[in-house]
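Structural features, examined
If you want the building blocks of each chain, they are given just below.
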Amino acid sequence: MAAVERKDPAAMDAEIREKIHLEILKRTGAYHANDHILLPSGQHTSEYIEKTLVTTEPSFIEGLGAVIAKHFAQWPIDVVMSTGPGALILSHCVARAHPSRPVVVYGAKGVTGGRRRVTLPVEFQRLIRPGTKVLLVEDLVSSGTTLKLIISLIEQLGAHVVGIGCLWRRTSVDLDSRAVFSLVSRDFPTYPPETCPLCKKGLPLNEEFVRRRQGRRPSSVQETSAER
Ligand SMILES: [Zn+2]
């Protein structure tokens, strides 16, 4: 019996660590589970993560950033690159905790002619040169498209991608067997409404996250002409 339990301590550790990380995300209000949620795509799911709430608790995000930094501590790193402004706070926390004291830059995401595009702002171009060692940091890796674009961008510049650190990775994503470290690795199944098992159980549908995006506008103020 004991031998069976000792069989895979690494997997067990990973499971415990993941539970801790999920609990931290839950405390920030970002992670929702055991619900019946309408996604912006129209699909239904039982779990949801609100990206923008992940970094609202400074000490939590610092702790999570330090876990990612510790994982990559044995490799020298010149630059931590955030895939976009969204993952910048996490990138800062990773860079702050990494022994190489890397600098932090971020990519700019956009869409041209219906295709996703990633660019490196001009100000950062002198920081990524041939031979530069880059650690990529992302908050959520869902399809992996953005990461793949950033990897080609870095490699085009002659720099080297040491690895990828992220908060959450959907396990189905394949990143060409690169070194990926994720605090949480799990897929949440999504269902079309017609075949959703949660609908079949008659659970009420939580439309909060879609309403929040569509209906409610962000609070804002505007300068008046007198202030110009
Ligand atoms: Zn449903």
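The preceding data block contains the structure.
Description of the structure in this document. (Residues numbered from 1 in each chain as written. Predicted model: local features only at pLDDT ≥ 70, side-chain atom pairs only at ≥ 80, totals over all residues. Heavy atoms only, no water.)

Orientation of helix H2 (residues 9-27) relative to helix H3 (residues 58-71), taken along the N-to-C sense of each, is 155 degrees, at an axis distance of 10 Å. Classified by the angle between their axes, H2 and H3 sit roughly antiparallel to one another. Crossing of H2 against H3: the hand is left-handed. The segment H2 lies against H3, with His21, Ile24, Leu25 and Arg27 engaging Phe60, Leu64 and Val67. (Axes fitted to C-alpha atoms, helices over the stretch in contact; angles between N-to-C directions. Helix = DSSP H or I, 4+ residues; strand = E, 2+ residues; numbered from the N terminus. Parallel < 35°, antiparallel > 145°, perpendicular 65-115°, else oblique. Left-handed = near helix turned anticlockwise from the far one by under 90°. Contact = heavy atoms within 4.5 Å.)

Counting 27 residues, the largest nonpolar core has Leu25, Ile49, Leu167 and Trp168 as the members making the most contacts within it. Of all elements in the fold, only H2, H3, helix H4 (88-97), strand S9 (133-141), strand S10 (160-169) and strand S11 (180-185) reach the threshold of two or more residues within this core. Setting aside residues no more than four positions away along its own chain, Trp168 makes contact with Leu22, Leu25, Tyr31, Glu47, Ile49, Asp139, Leu140, Val141, Ser182, Val184, Arg186 and Phe188. Listed in part, the 20 residues of the second largest apolar core include Leu136, Ile151, Ala159 and Cys166. (Core = buried A, V, L, I, M, F, W, Y, C linked by side-chain atoms within 4.5 Å. Buried < 20%, exposed > 50% of the residue type's maximum accessible area, 1.4 Å probe, protein only.)

This part is about H3. Between its terminal C-alpha atoms H3 stretches 20 Å, which fits the 20 Å expected from 14 residues at 1.5 Å a residue. Of the residues making up H3, those classed as buried are Phe60, Ile61, Leu64, Gly65, Ile68 and Ala69. Turning to H3, the residues buried within the fold contact H2, H4, S10 and S11. (Expected span 1.5 Å × (residues − 1).)

This part covers the pairing of strand S5 (residues 79-82). Alternating positions in S5 separate into two faces, Val79 and Met81 on one and Val80 and Ser82 on the other, with burial throughout. In the sheet, S5 pairs with strand S6 (residues 103-106) via four bridges, with the strands oriented parallel. Across the sheet, Met81 pairs through a bridge with Val105, a residue of S6. You can see the chain leave S5, run along H4 and come back into S6, and the turn it takes is right-handed. Note that S5 and S9 share four bridges and pair parallel. In the strand pairing of S9, Val80 is matched with Leu135. (Pairing = 2+ DSSP bridges. Right-handed = clockwise from strand over helix to strand, strands pointing away.)

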